[in-house]
Amino acid sequence: MNKKLDFSRPLVVLAPLAGYTDLPFRSVVKKFGADLTISEMISSNALVYKSERTLKMIEKSPTEDPYFVQIAGNKMELIRDAVLILNEIDGIDGIDLNCGCPAPKVFNHGSGSNLLGDLKKLEEMLSTVKKYSNKQYTSAKVRLGVNEKIPVEIGKAVEACGVDFVSVHGRTRAGKYKAPVDYDAIKAMKEAISIPVIANGDIKDYDKAKEVLEYTKADGVMIGRGAIGKPWVFYQLKHGIEDISNEMKKEIILEHFDAMLKFHGPHGAIMFRKLLHSYSKGYTGANEFRDIVNKISDISVMRDMIENFF
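Just so it is clear, the structure is predicted and the values come from calculations on it, not from any experiment.

Hey, could you run me through the overall build of the chain in this one?
Of the regular secondary structure elements, the chain holds 14 helices and nine strands. Computed over C-alpha atoms, the radius of gyration of the chain comes to 19 Å, within 12% of the 19 Å expected from 2.2 N^0.38 for 310 residues, which places it in the range of a compact globule. Reported as C-alpha extents along the three principal axes, the dimensions of the chain are approximately 55 × 45 × 40 Å. Within the chain, residue pairs in contact and separated by at least 24 positions form 68% of the contacts whose partners lie at least 6 positions apart. Within the structure as shown, the chain displays about 13,600 Å² of accessible surface, and the carbon and sulfur contribution to it stands at 51%. Mean positive and mean negative side-chain charge positions of the chain (44 and 41 charges, respectively) differ by 3 Å.

In structure tokens form, the structure reads like this:
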């Protein structure tokens, strides 16, 4: 079988982000340079109960290749059943287990970063995915621990399950998104295990990505919040360029707008407002632009606004 991920050079991966990394956004970053795209976090529960919304969240763009689905869950049976459902869906190249989400409702439910407090359970869950999946890849997304940092122990637990690689966000669960990212801890995990390690956390631009790869010797970077409003960071990394023209930015924004309409229908224009808030950051007149955009639902008017503003 042809391996779809080539770790001979650093990979650039889009992180799963609830509410942002839907199909339209993923198709845009894929077109402009991401090596791998991953679905938003999917609840195993919702998947097993065949929630319509969840099944729609798994759909992918034809250009997304390779494509992973990320699942979260707190019971082995549920994880297994979720994997069996995904096995029936073509076009998914890997299943990623979420062992890092810090959100209280996920944590208190026993999923996400909760697993970092019980590495035996984490291994059981991950081994279940590995055992039942018929996909080419299995991976895990982790943090450094719940309250204290145990990157090496976590790395070894994940590696013991026979997965293909691990993505690590350089904060603990307690660190949420505010604490400084500990790149030393990512480096320590990388040095302790032999499977590829993807570095994640506060990688907001081209320079930072370069610096993190250099320092941690990681096998790739995963960019999440840094790509919201700046999906061209993937283009920059793919082509090794620091500066990107406003023309290129505009092309990417319009591409995203069209993808939203195609996937979500006319309502996509309203959903695109919050994205335009991010896109317009740093531009002159951004505040007025946001105020106007907030009142527009007409597709052609919004397109004109985007054309003229950017």
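Continuing now.
What is the right way to look at the side chain of Lys249 in this model?
Structurally, Lys249 can be placed in helix H11 (residues 246–264). Buried and unpaired, Lys249 has Asp243 as its nearest opposite-charge partner, separated by 8.2 Å. When neighbours within four sequence positions are excluded, Lys249 is seen to be in contact with Trp232, Ile244 and Tyr283.

I would appreciate a short explanation of the pairing of strand E5 (residues 94–99) in the present structure.
A regular strand carries its side chains on alternate faces of the sheet. Taken across its six residues, E5 has six buried, putting it largely inside the fold. The side-chain alternation of E5 yields two buried faces, one formed by Gly94, Asp96 and Asn98 and the other by Ile95, Leu97 and Cys99. Two elements, strand E4 (residues 67–72) and E5, share four bridges in a ladder whose sense is parallel. Note on E5: the bridge partner recorded for Gln70 is Asp96. In the classification by handedness, the crossover that spans E4, the intervening helix H4 (residues 76–87) and the parallel E5 is right-handed.

Sorry if this is basic, but what is going on with helix H6 (residues 119–132) here?
Count 3.6 residues to each turn of an α-helix, and residues three or four apart come out pointing the same way. An ideal rise of 1.5 Å per residue puts 20 Å on 14 residues; H6 measures up with 20 Å between its terminal C-alpha atoms. Those residues of H6 hidden inside the fold are in contact with E4, H4, E5, strand E6 (137–142) and helix H7 (151–160).

What counts and what doesn't
Residues numbered from 1 in each chain as written. Predicted model: local features only at pLDDT ≥ 70, side-chain atom pairs only at ≥ 80, totals over all residues. Heavy atoms only, no water. Helix = DSSP H or I, 4+ residues; strand = E, 2+ residues; numbered from the N terminus. Rg over C-alpha atoms; globule rule 2.2 N^0.38 Å. Contact = heavy atoms within 4.5 Å. Areas by Shrake-Rupley, 256 points an atom, 1.4 Å probe, with all protein chains shown as cover. Lys, Arg positive; Asp, Glu negative; His and termini not counted. Charge placed at Lys NZ, Arg CZ, Asp CG, Glu CD. Buried < 20%, exposed > 50% of the residue type's maximum accessible area, 1.4 Å probe, protein only. Salt bridge = Lys/Arg side-chain N within 4 Å of Asp/Glu carboxyl O. Pairing = 2+ DSSP bridges. Right-handed = clockwise from strand over helix to strand, strands pointing away. Expected span 1.5 Å × (residues − 1).

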